[in-house]
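Single-letter residue listing:
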Amino acid sequence: MSTSPSRRNSRRRAEPVAVFADEVLKAAAALRRGELVLLPTETVYGLACDAASPAAVAAVFAAKGRPRFNPLIAHVTGVEAAQRIAVLDARARRLADAFWPGPLTLVGRILDTGAVCDLARAGLDTVAVRAPDHPLAQAVLEAFGGPVAAPSANRSGRPSPTTFADAVEETGQSVAVQLDGGACRVGLESTVLGCFGDELVLLRPGAVTRDQIEAVAGPLSAGQGDAGRSPGRLARHYAPSKPLRLQVTAPSPDAAYLAFGPAAEGPLVLSLSPQGRLEEAAANLFSMLRAADRSSADRIEVAPIPEIGLGEAINDRLRRAAGHVG
Ligand code: TXA
Ligand code: MG
């Protein structure tokens, strides 16, 4: 199911789904057999399995080396399918209507413990649901017909893969089917939002910004929720193997430098966005962290990124990648 190298890193929209019909059917059949699939989404590549199957979910945790206390997101076709597995109140449904399909994950009380097994939820009485905005992901979800658990396809603790080649390198050897959906349009994981009665808690900043959420649903609750509600946020995460220093305005000549906005060119300089656009920086973040990691430099430095809009999620990933876990 792999494609020619020239297609792998192109930042293109996926081809019409008809071109991939055969692969989509193979992917759905593999999921039904309890096997794993590399699944492109608009945010990052996912390592997908049948959310109802404890054995398949266990294989995902093993392939990633992921601690079992960290629950997975159940991917669904849309709000109707989500409401069969999770309790979504009126405010959560408004958010789903506004942002789905798209990079917003809603956490609510679990309704159908068979459809998303205990292991996928790490034993919690809640479940995270999202409808991804990628034609291949949607086609696989349609063909499979049930919730698909899919964490980012990186090995635990590493940057999420945003190209097909990076996804194959991370966990490709553990899957039955690899779907090439091109480079991920958003490049940063979904926003995770806890919808717990009166509380609306930002559990993970992401591609949908705080302002966008508040415009639809009113003010978010203060804080980022306690660790029990946000289990994936404990560890160092998204990390390259080389040391990473943030907020660097005068880069060292021997460090790989991720610039933002106008910057001097150099062999070790990569620009997240020459014009200082946050959407572009988000889309480039993980692939450039990986490129810097592969370079001859022995460390990586990153320019300051403004803490506004998408900058909140970009800075969150950078702080965790640098080991400054808050
Ligand atoms: O964009 C994304 O969300 C990607 C694509 C593949 O959909 N997926 C992704 O999954 O980033 P993962 O497993 O890498 O991150 C899921 C996050 C973790 O921080 C996890 O702790 C949190 O969602 N999460 C999942 N279920 C939860 C629950 N019931 N309560 C609180 N947090 C939950
Ligand atoms: Mg992840």
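Everything below is about the structure printed above this text.
Quick caveat: nothing in here was measured; it's all calculated off a predicted structure. (Residues numbered from 1 in each chain as written. Chains lettered and ligands numbered in written order. Predicted model: local features only at pLDDT ≥ 70, side-chain atom pairs only at ≥ 80, totals over all residues. Heavy atoms only, no water.)

This brings us to the environment of Asp89. Tracing the sequence through the fold places Asp89 in the loop between helix H4 (79–85) and helix H5 (90–99). You can call Asp89 partly exposed: its relative accessible area is 29%. (Helix = DSSP H or I, 4+ residues; strand = E, 2+ residues; numbered from the N terminus. Buried < 20%, exposed > 50% of the residue type's maximum accessible area, 1.4 Å probe, protein only.)

A separate point is the state of the cysteines. Summed over all chains, the structure comprises 0 disulfides. Counting only cysteine sulfurs, Cys49 is the nearest neighbor of Cys117, a cysteine outside any disulfide, at a range of 7.4 Å. (Disulfide = S-S within 2.5 Å.)

Okay, the pattern of salt bridges next. Pairs can form between side chains of opposite charge whenever their charged atoms are close. One pass over the structure, following the stated rule, counts 20 salt bridges. Among the ionic pairs, Arg130 bridges to Glu42, the shortest N-O distance being 2.8 Å. On the criterion of sequence distance, the pair formed by Arg130 in strand E5 (residues 126–130) and Glu42 in the loop between strand E1 (37–39) and strand E2 (46–50) is long-range, its members being 88 residues apart. Across the pair, exposure class does not vary: Arg130 and Glu42 are buried alike. In this structure, Glu280 and Arg277 form a salt bridge, with 3.9 Å as the shortest nitrogen-oxygen distance. You can call Glu280 partly exposed: its relative accessible area is 25%. Given a relative accessible area of 43%, Arg277 falls into the partly exposed group. (Salt bridge = Lys/Arg side-chain N within 4 Å of Asp/Glu carboxyl O.)

For the rest of this paragraph, the subject is the packing of aromatic side chains. Each aromatic ring pair is specified by the distance between its two centres and by the angle formed by the two planes. For the structure shown, the criterion picks out 1 aromatic pair. Plain terms: the ring middles of Tyr45 and Phe164 are 6.3 Å apart, the flat faces sit at 50° to each other, and that makes the pair tilted. In this pair, Tyr45 is assigned in the loop between E1 and E2 and Phe164 in helix H7 (residues 164–171), connecting sequence segments 119 residues apart. (Phe/Tyr/Trp six-rings, centres within 6.5 Å; stacked < 30°, edge-to-face > 60°.)

A separate point is helix H3 (residues 54–64). Where H3 is concerned, the buried positions are Ala56, Val57, Val60, Phe61, Ala63 and Lys64. The buried residues of H3 occupy an angular sector of 165° when the element is viewed end-on, so they sit on one face. In H3, the exposed positions that point more than 90 degrees away from the buried face belong to Ala55 and Ala62. Looking at the buried positions of H3, the neighbouring elements they touch are E2 and H7. Downstream of H3 by a residue or two, Gly65 has a phi angle that is positive, lying close to 65°. (Arc of directions from axis to C-beta. Contact = heavy atoms within 4.5 Å.)

For the rest of this paragraph, the subject is the pairing of strand E8 (residues 191–196). Working note: regular strand, side chains alternate between the two faces of the sheet. The buried count for E8 comes to 6 of 6 residues, which makes it a mostly enclosed element. Where burial is concerned, the two faces of E8 agree: the one with Thr191, Leu193 and Cys195 and the one with Val192, Gly194 and Phe196 are both buried. Looking at chain direction, strand E4 (residues 104–109) and E8 are connected through 4 bridges and run parallel. For Thr105, the partnering residue across the bridge sits in E8 and is Val192. Where E8 lies against strand E9 (residues 199–204), 5 bridges are found, and the strand directions are antiparallel. Bridge assignment links Gly194 to a residue of E9, and that residue is Val201. (Pairing = 2+ DSSP bridges.)

This paragraph deals with the sheet that holds strand E13 (residues 300–302). Judged by pairing direction, the sheet is parallel, and its 4 strands sit side by side in the order E10-E13-E11-E12 without closing on themselves. Of all the strands in the sheet, just strand E10 (244–245) and strand E12 (269–273) have a single pairing partner and so form its edges. Here strand E11 (residues 256–260) pairs with E12 via 4 bridges, running parallel. Bridge pairing in E12 places Ala259 opposite Ser271. The sheet contacts of helix H9 (residues 278–294) involve E10, E11, E12 and E13, and relative to E12 the element is tilted by about 155°. (Axes fitted to C-alpha atoms, helices over the stretch in contact; angles between N-to-C directions.)

Attention shifts here to the packing of H9 against helix H10 (residues 311–321). Across the interface, H9 lies against H10 with an axial gap of 10 Å and an inter-helix angle of 25°. The angle between H9 and H10 falls in the class roughly parallel. Relative to H10, H9 is oriented so that their crossing is left-handed. Across the interface between the two elements, Leu278, Ala281, Ala282, Leu285 and Phe286 from H9 touch Gly311, Ile314, Arg317 and Leu318 from H10. (Parallel < 35°, antiparallel > 145°, perpendicular 65-115°, else oblique. Left-handed = near helix turned anticlockwise from the far one by under 90°.)

With 5 of 5 residues buried, E2 lies mostly within the body of the structure. Inspection of the sheet shows E1 paired to E2 by 3 bridges, in the antiparallel sense. Its bridge partner being in E2, Leu38 is matched across the sheet by Leu47. As consecutive antiparallel partners, E1 and E2 are separated by 6 residues. With 2 bridges joining them, E2 and strand E6 (residues 148–149) adopt antiparallel strand pairing. By the bridge assignment, Cys49 is partnered in E6 with Ala149.

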